[in-house]
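Geometric and topological summary
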Amino acid sequence: MRPSLFRRLLPCLALCALAACQSSEHTATYVASQSPEAAVQQSIALVRAGDFAGFWQHALPPHDYAMLREDWGQARAGEAPLTDAERARIDTALEQLAAPDAAATLDGRLQPWLADAQARYGDQLPLLVGIGRALAGKAIEEDARLSDTQKRQAVALVNALGPWAQQAPWFDPARARQAVGVVVATARELDLRDAQSLRAMDFDQAMRSYAIGFHGLERMLALYGLPLDEALASARVVPLEYHPPYARVRIEYQLAGTPLSMESTLVQQNGRWYDQDLLESVRQAHRTLAAPAASGTVAMSH
């Protein structure tokens, strides 16, 4: 599986996380899903626990999960090697984050930049965020890969985040100092020594790294006034249609004080329910990955 697939699916996972049940405990249970709603809630429990490997195992039929793991290794093996400049840049950044005085050093560099940025752009921030919202909305509307429903949901999400982004204390020195601490702590927990260790991660190692990064992101957003736990606690899953082997649910939640919702279609296979779009994304990624190999085989046969 190409790493880019996971980057494309992370927003989907973040939105799905808003379907979490009302419990605030970040625990995961591994029971068979008896309903579409239970399937969604189980996925969320795994995401909230940071168990991304468990999430994929739950969210995909066994054959597709095995295919995902195999594709991951094949895609990594086929990646172009890093250039010397890329390797040096990554190694330098990792060395800086691992240094004993990393937090103090990075904060010392950041504070003058923040003061200058506030003087230059502080008054213009609401306008700049507004322009960013408009550009994001335009990009969503022009994205041919999204359905009309997905476009509406994505635009609603961007619009809900706009007021928060305009008012967030981005230039606050104390919060910036805390944010640097979170970044350094997260980097040390990841324990990436150099660029090679980053590129050599297998599927399970990558999933553990995603978990560490996810929890670090949660702490960062909370510092700037966007506590995801509140959104998670507000969410509920509403059944809309139930016509096995298909079902449809609506996920209702509050984000940054704005009520939002999204709909999901699930398909039943061997007694279990799976998100149809997520399943198709994984299968399409597999077909894309397999296509060059198939083309090469055909070319050699001629």
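Look above for the structure.
Residues numbered from 1 in each chain as written. Predicted model: local features only at pLDDT ≥ 70, side-chain atom pairs only at ≥ 80, totals over all residues. Heavy atoms only, no water.

Scanning all chains against the criterion turns up seven aromatic pairs. Centre to centre, the rings of tryptophan 164 and tryptophan 170 are 5.4 Å apart; their planes meet at 70 degrees, and the pair counts as edge-to-face. The class for tryptophan 164 is buried, based on a relative accessible area of 16%. For tryptophan 170, a relative accessible area of 30% translates into the label partly exposed. Members of the aromatic cluster, joined through ring pairs, are Tyr65, Trp72 and Phe203. (Phe/Tyr/Trp six-rings, centres within 6.5 Å; stacked < 30°, edge-to-face > 60°. Buried < 20%, exposed > 50% of the residue type's maximum accessible area, 1.4 Å probe, protein only.)

As a further point, take a nonpolar patch on the surface. The grouping of Tyr121, Leu127, Leu128, Ile131 and Leu135 at the surface amounts to a nonpolar patch, some 490 Å² of accessible area in total. Top contributing element to the nonpolar patch by residue count: helix H7 (residues 125-142), with four residues. Locating isoleucine 131 in the fold gives a position in helix H7. (Patch = residues over 30% accessible without salt bridge, like charges linked within 9 Å, V, L, I, M, F, W, Y side chains within 5 Å. Areas by Shrake-Rupley, 256 points an atom, 1.4 Å probe, with all protein chains shown as cover. Salt bridge = Lys/Arg side-chain N within 4 Å of Asp/Glu carboxyl O. Helix = DSSP H or I, 4+ residues; strand = E, 2+ residues; numbered from the N terminus.)

A few words on unusual backbone geometry. With omega at 15 degrees, the peptide bond leading from proline 244 into proline 245 counts as cis. Structurally, the position occupied by proline 245 is in the loop between strand S1 (236-243) and strand S2 (246-255). Backbone geometry at aspartate 191 places phi at a positive 55 degrees, although glycine is not the residue there. As for its position among the elements, aspartate 191 is in the loop between helix H9 (173-190) and helix H10 (195-199). If you check the backbone angles, alanine 256 has positive phi at about 55 degrees while not being a glycine. Looking at where alanine 256 falls in the secondary structure, it is placed in the loop between S2 and strand S3 (258-269).

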